[in-house]
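# Geometric and topological summary
So you can see what is in the structure, the chains are spelled out below.
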Amino acid sequence: MGHADNPAGSRGQSRFDGQSCDIPPRADLVILGGGIMGLWAAMKAERLGIETVLVDAGRLGQGASGGLLGALMPHMPDRWNDKKQFQFDALLSLEGEIARIEAATGIACGYRRCGRLIPLPKPHLRTIALRHSQDAETAWHHGDRRFHWHVIDRPQLEGWPDASFTEAGLVHDTFAARVSPRNLTSALVTFLRSARHVRIVEGVGAELIEPAMNKIVFTGGESITFGHCIVAAGHRSFPLIEAISPPLPRPIGQPVKGQAALLAADIDPALPVIFLNGLYVVAHEGGHVAVGSTSEETFEDAFATDALLDDLIVRARALVPALKDAPVIERWAGLRPKAIDRDPMVGPHPDHPNVIALTGGFKVSFGLAHGLAEAALDAASSREMRIPASFTLTSHLEMASR
């Protein structure tokens with residue numbers, strides 16, 4: 001499938017030289033947005049040999065995809081359904097996808113199936129966790145590979161997390177993983193800059209889509225015609241899609257602000273992610289630990305950090321005593337796309353099938369983007385999308401119309 005298995009230096013001269021350039025008059029496929037969703041869509045298009053223009057309002061891999069956390073967390077294994085199965089399959093296949101892009105570019109993406117620890121502060125939580133352990137034995141397997149939701153009395157490393165949070169023990173989930181968001185996006189961008197079928201345009205925002213004319217108009221008046229358009233512009237996707245839809249009583253999605261921090265600490269990068277009451281502590285390579293994140297539906301400054309992040313850092317230091325004196329080396333804030341029902345939003349517009357949504361990942365984008373991008377490319381190639389019905393753009397539009 002394309003060139004992704006070859007070393008970066010042996011793919012040959014790019015047709016477009018992979019550089020940011022002027023908008024061409026036409027493309028078979030236009031992808032709006034160069035975050036993790038759009039990057040994977042461009043990668044899949046390159047493998048399929050589709051002549052593609054990837055357009056971003058800023059720089060590729062920035063925005064919400066340029067964050068710090070990188071936790072890849074499965075849903076709870078209870079009450080199994082098609083959404084949980086899709087996520088399980090995507091999180092499992094991501095390991096191979098990342099190995100493939102690392103081999104193609106030589107860029108380490110900071111991926112590790114490190115597992116996850118969930119402290120159980122109260123006895124009743126242990127009872128619930130034991131039930132989930134049985135659920136995982138039933139659901140968390142693929143071929144010969146099995147993953148577990150163990151209930152344990154204490155962590156393998158004392159203080160990861162502090163014993164005061166583990167009165168009833170801990171869950172040790174062996175399926176969870178983590179990745180460096182910036183390293184992964186950097187690897188995808190590096191690959192695409194020397195791709196044969198993908199042309200990159202940066203610093204140009206989409207103003208509106210005119211589906212009847214197969215045309216996109218950009219800020220500044222430039223335009224492009226397309227065979228298909230994939231709208232992967234994060235939270236900016238929502239108004240673009242609403243503008244080509246019948247009037248809706250509710251918005252189909254919104255931006256949600258998240259804040260996170262990066263601390264310098266001599267922590268083993270193989271340690272499991274810790275998760276407690278919305279707080280993540282993620283050990284990365286190079287002596288870095290990421291903590292996050294907030295979920296703010298109302299905010300004054302999308303990109304400023306404030307006391308909400310200060311509180312997260314205080315909580316993280318209490319949860320992991322080894323972080324008590326760890327210096328904060330970066331504070332980050334950004335806007336994530338949350339669709340109306342929290343599920344990803346993917347697929348053709350019911351009235352304009354040449355326009356395809358690929359957004360709304362909110363907190364699960366890095367784990368699902370490669371699988372959702374494949375579904376979007378299936379739609380662009382008139383193939384059946386293999387995604388849960390609640391993920392489809394049609395489902396989200398119906399919910400917004402109620």
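Residues numbered from 1 in each chain as written. Predicted model: local features only at pLDDT ≥ 70, side-chain atom pairs only at ≥ 80, totals over all residues. Heavy atoms only, no water.

### What about the overall build of the protein?
The cut-off we apply is this: Numbered from the N terminus, helices here are DSSP runs of H or I no shorter than four residues, and strands are runs of E no shorter than two. Our radius of gyration looks at C-alpha atoms and nothing else; its globule reference is 2.2 Å times the residue count to the power 0.38. For every residue, the accessible area obtained with a 1.4 Å probe (protein chains only) is divided by the maximum for its type, and the residue is called buried under 20%, exposed over 50%, and partly exposed between those limits. The contact criterion used is simple: two residues touch if any of their non-hydrogen atoms lie within 4.5 Å. To measure how exposed things are, a 1.4 Å probe is used in the Shrake-Rupley method; for residues, cover is taken only from the protein chains shown.
For the protein, the count of helices and strands is eight helices and 20 strands. Relative to its length of 402 residues, the protein is compact, with a C-alpha radius of gyration of 21 Å against a globular reference of 21 Å. On the principal axes, the C-alpha backbone points of the protein span a range of 65 × 50 × 50 Å. Burial analysis of the protein (402 residues in total) assigns 55% to the buried set. Partitioning the contacts of the protein with sequence separation of at least 6, the portion at a separation of at least 24 is 76%. Of the roughly 16,700 Å² of accessible surface on the protein, a fraction of 51% belongs to carbon and sulfur atoms.

### Thoughts on the nonpolar core
The condition that has to hold: Residues grouped as a nonpolar core are buried Ala, Val, Leu, Ile, Met, Phe, Trp, Tyr and Cys residues, joined through side-chain atoms within 4.5 Å.
One finds Trp-40, Leu-184, Leu-192, Ile-230 and Leu-358 to be the most contacted residues of the largest nonpolar core, which totals 66 residues. Counting residues per element, this core draws most heavily on helix H7 (residues 365-380), at ten residues. Other than its neighbours up to four places away in sequence, Leu-358 contacts Met-37, Ala-41, Ile-230, Val-231, Ala-232, Met-345, Val-346, Leu-372, Ala-373 and Ala-376. In terms of nonpolar packing, the next biggest core, distinct from the first, is built from 27 residues, Val-55, Ile-244, Ala-357 and Ala-400 among them.

### Comments concerning the pairing of strand E2 (residues 52-56)
The condition that has to hold: Strand pairing is assigned whenever DSSP detects at least two bridges linking the two strands. Whether a crossover is right-handed depends on one test, that the path from the first strand over the helix to the second runs clockwise when the strands point away from the viewer.
The buried count for E2 comes to five of five residues, which makes it a mostly enclosed element. Side-chain alternation along E2 places Thr-52, Leu-54 and Asp-56 on one buried face and Val-53 and Val-55 on a second face that is also buried. Here strand E1 (residues 26-32) runs beside E2; their pairing, made up of four bridges, is parallel. In the strand pairing of E2, Leu-32 is matched with Val-55. Remark: the E1/helix H1 (residues 36-48)/E2 crossover connection has right-handed handedness. Of the strand pairs in this sheet, E2 and strand E10 (residues 198-202) are connected by five bridges, and their pairing is parallel. Across the sheet, residue Thr-52 finds its bridge partner in E10, namely Val-198.

### Considerations on the pairing of strand E8 (residues 170-173)
By the alternation rule, side chains of E8 split into Leu-170 and His-172 and Val-171 and Asp-173, which are all buried. Looking at chain direction, strand E4 (residues 116-119) and E8 are connected through four bridges and run antiparallel. Its bridge partner being in E8, Pro-119 is matched across the sheet by Leu-170.

### A few points about the sheet that holds strand E16 (residues 279-284)
Applicable threshold: Angular values range over 0 to 180 degrees, each being the angle between N-to-C directions of two axes fitted as lines to C-alpha atoms, with helices fitted over their stretch in contact.
Across the sheet, which stays open at both edges, the eight strands sit in the order E7-E8-E4-E15-E16-E17-E14-E18 with mixed pairing between neighbours. Both outer strands of the open sheet, strand E7 (149-152) and strand E18 (328-339), are each paired with one neighbouring strand and no more. Looking at each pair of strands side by side, their axes are set apart by 20° on average, direction ignored. Helix H3 (residues 123-139) contacts E7 and E8 of the sheet and is inclined by roughly 150° relative to E7.

### Let's talk about the environment of Leu-240
With respect to the element layout, Leu-240 can be found in helix H5 (residues 237-242). Accessibility expressed as a relative area gives 9% for Leu-240, which makes it buried. When the C-alpha positions of Leu-240 and Ala-357 are compared, they lie 9.9 Å apart, and in sequence the two are 117 residues distant. Contacts of Leu-240, omitting those with residues within four sequence positions, involve Leu-32, Ala-206, Glu-207, Leu-208, Ile-209 and Val-231.

### Concerning helix H6 (residues 307-319)
Two residues of an α-helix separated by three or four positions point the same way, owing to the 3.6 residues in each turn. Worth spelling out the cut-off: Multiplying one less than the number of residues by 1.5 Å gives the expected span of a helix. As used here, the arc belongs to the directions running from the helix axis to the C-beta atoms. Any pair of N or O atoms that falls within 3.5 Å is considered a polar contact. Within protein, one atom must be able to donate a hydrogen and the other to accept it, and sequence-neighbouring residues count only if both atoms are side-chain atoms.
With 13 residues, H6 should cover 18 Å at 1.5 Å per step; its first-to-last C-alpha distance of 18 Å lies within 8% of that length. Within H6 the residues assigned to the buried category are Leu-309, Leu-312, Ile-313, Ala-316 and Leu-319. Angular distribution of buried residues about the axis of H6 spans 125°; they occupy a single face of the element. The exposed set on the far side of H6, more than 90 degrees from its buried face, consists of Ala-307 and Val-314. Contacts from the buried residues of H6 go to E4, strand E14 (253-264), strand E15 (273-276), E16, strand E17 (288-292) and E18. Capping the start of H6, Asp-306 holds a side-chain oxygen 2.9 Å from the backbone nitrogen of Leu-308, two or three residues further along.

### Description of the state of the cysteines
Defined as follows: Two cysteine sulfur atoms form a disulfide, by the criterion used here, when they sit within 2.5 Å.
Within this structure, the stated rule accounts for zero disulfides. In this model Cys-109 remains outside any disulfide bridge; the closest cysteine sulfur is found in Cys-114, 15 Å from its own. Since its relative accessible area comes to 0%, Cys-109 is described here as buried.

### Focus: the pattern of salt bridges
As a reminder of what qualifies: Salt bridges are defined by distance alone: a side-chain nitrogen of Lys or Arg within 4 Å of a carboxyl oxygen of Asp or Glu.
Inspection of the entire model under this criterion finds 20 salt bridges. The salt bridge partner of Glu-202 is Arg-193, with a shortest N-O separation of 3.1 Å. Residues joined by salt bridges that share partners form a network here, namely Lys-44, Arg-47, Glu-97 and Glu-374.

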